[in-house]
Amino acid sequence: MNRPRPTLAIADPNTLSAIGLQKILTEMMPMVEIRTFGTFEALQAADDGQFAHYFIASRIYFEHTAFFRDNAHQSIVLVNGDMQIQGVPTLNVCQNEKSLVKSIMSLHSRGHQHAMSQHPGYVPPRKETALLSPRETEVTVLLAKGLINKEIANQLNISITTVITHRKNIMEKLGARSLVDIIIYAVINGLVDVGEL
């Protein structure tokens, strides 16, 4: 029996922002369906209770505050900068990809996974650390913490060439295209805590 996939909604009139966030969320949570909407009306027409979370542009949030306050445990407001809204989590979309991923992981670790876990199709991320060798796992952790090749070589007492080889192997094994993919892997698999990034 196929269980339905958890679904997230992004409501943002800025198409490029919505597509960018959709791409990042899809890479972080491949088991989740992510739908985008340009208006609140389009979101409301498609909403039959299946959305675990709403990622909402601040303009749409303020135009329809009553709806999102009623769904505060599911709503995350997309803001430009460090704006805070009492009682509703915010996500600053004006930051680099690594910082944005860290912010999303922080939201997830502070309890927003509860709405996801209540969905019948939710499957928690699997721990796949056996995919990497013990040394590759050590290098992954240090990369996720922001160390550069030379620092990793010094800390693990190996050559820079060896670090570069491990890094290449890690990228291939994980199918990673960037350091952000390595960070996502490390956090999802419990190798590092979001607070350590």
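The rules we used
- Residues numbered from 1 in each chain as written.
- Predicted model: local features only at pLDDT ≥ 70, side-chain atom pairs only at ≥ 80, totals over all residues.
- Heavy atoms only, no water.
- Core = buried A, V, L, I, M, F, W, Y, C linked by side-chain atoms within 4.5 Å.
- Buried < 20%, exposed > 50% of the residue type's maximum accessible area, 1.4 Å probe, protein only.
- Helix = DSSP H or I, 4+ residues; strand = E, 2+ residues; numbered from the N terminus.
- Contact = heavy atoms within 4.5 Å.
- Expected span 1.5 Å × (residues − 1).
- Arc of directions from axis to C-beta.
- Pairing = 2+ DSSP bridges.
- Axes fitted to C-alpha atoms, helices over the stretch in contact; angles between N-to-C directions.
- Parallel < 35°, antiparallel > 145°, perpendicular 65-115°, else oblique.
- Nonpolar A, V, L, I, M, F, W, Y, C, P; charged D, E, K, R; others polar.
- Salt bridge = Lys/Arg side-chain N within 4 Å of Asp/Glu carboxyl O.

Draft legend 1. Examining the nonpolar core more closely. Counting residues in hydrophobic clusters, the biggest one holds 43 residues, and the most contacted among them are Leu25, Phe55 and Leu91. Considering each element in turn, this core owes the most residues, 7 residues, to helix α9 (residues 179–188). Excluding anything up to four places from it in sequence, leucine 91 contacts Leu21, Phe55, Ile76, Val77, Leu78, Val79, Leu100, Ser103, Ile104 and Leu107. Formed by 17 residues, the second largest nonpolar core is a distinct cluster that contains Ala9, Ala11, Phe68 and Ile85.

Draft legend 2. Looking closely at helix α8 (residues 160–174). In this model α8 runs 21 Å from its N-terminal to its C-terminal C-alpha over 15 residues, within 8% of the 21 Å that 1.5 Å per residue would give. Looking only at α8, the buried set comprises Val163, His166 and Ile170. What you see down the axis of α8 is that its buried residues fit within an arc of 65°, all on one side. Facing away from the buried side of α8 by more than 90 degrees, the exposed set consists of Thr161 and Glu172. Where the residues of α8 are buried, they touch α6 (134–144), α7 (149–156) and α9. Count one or two residues on from α8 and you reach glycine 175, which has phi positive near 65°.

Draft legend 3. The arrangement of the sheet that holds strand β2 (residues 33–37) in detail. Reading across from one edge, β2-β1-β3-β4-β5 is the order of the 5 strands in this open sheet, with parallel pairing throughout. The sheet is open, and its two edges are formed by β2 and β5 (90–92), each paired on a single side. Along the sheet, successive strands turn relative to each other by an average axial angle of 20°, direction set aside. As paired strands, strand β3 (residues 51–57) and strand β4 (residues 75–79) are joined by 4 bridges and run parallel to one another.

Draft legend 4. Up close: the packing of α8 against α9. Where α8 meets α9, the axes come as close as 11 Å, and the angle between the chain directions of the two elements is 70°. In terms of their interaxial angle, α8 and α9 are classed as roughly perpendicular. For the pair formed by α8 and α9, the contact residues are Arg167, Ile170, Met171 and Leu174 on the first element and Leu179, Ile182 and Tyr185 on the second. Residue classes in the contact of α8 with α9 are distributed as 6 nonpolar, no polar and 1 charged.

Draft legend 5. View of the pattern of salt bridges. What the rule picks out here adds up to 6 salt bridges. Put simply, lysine 23 and glutamate 27 hold a salt bridge, and the shortest N to O gap is 2.7 Å. In this pair, lysine 23 and glutamate 27 are both assigned in helix α1 (residues 15–28), 4 residues apart and thus about one turn of the helix distant. With relative accessibility at 23%, the residue glutamate 27 sits in the partly exposed group.

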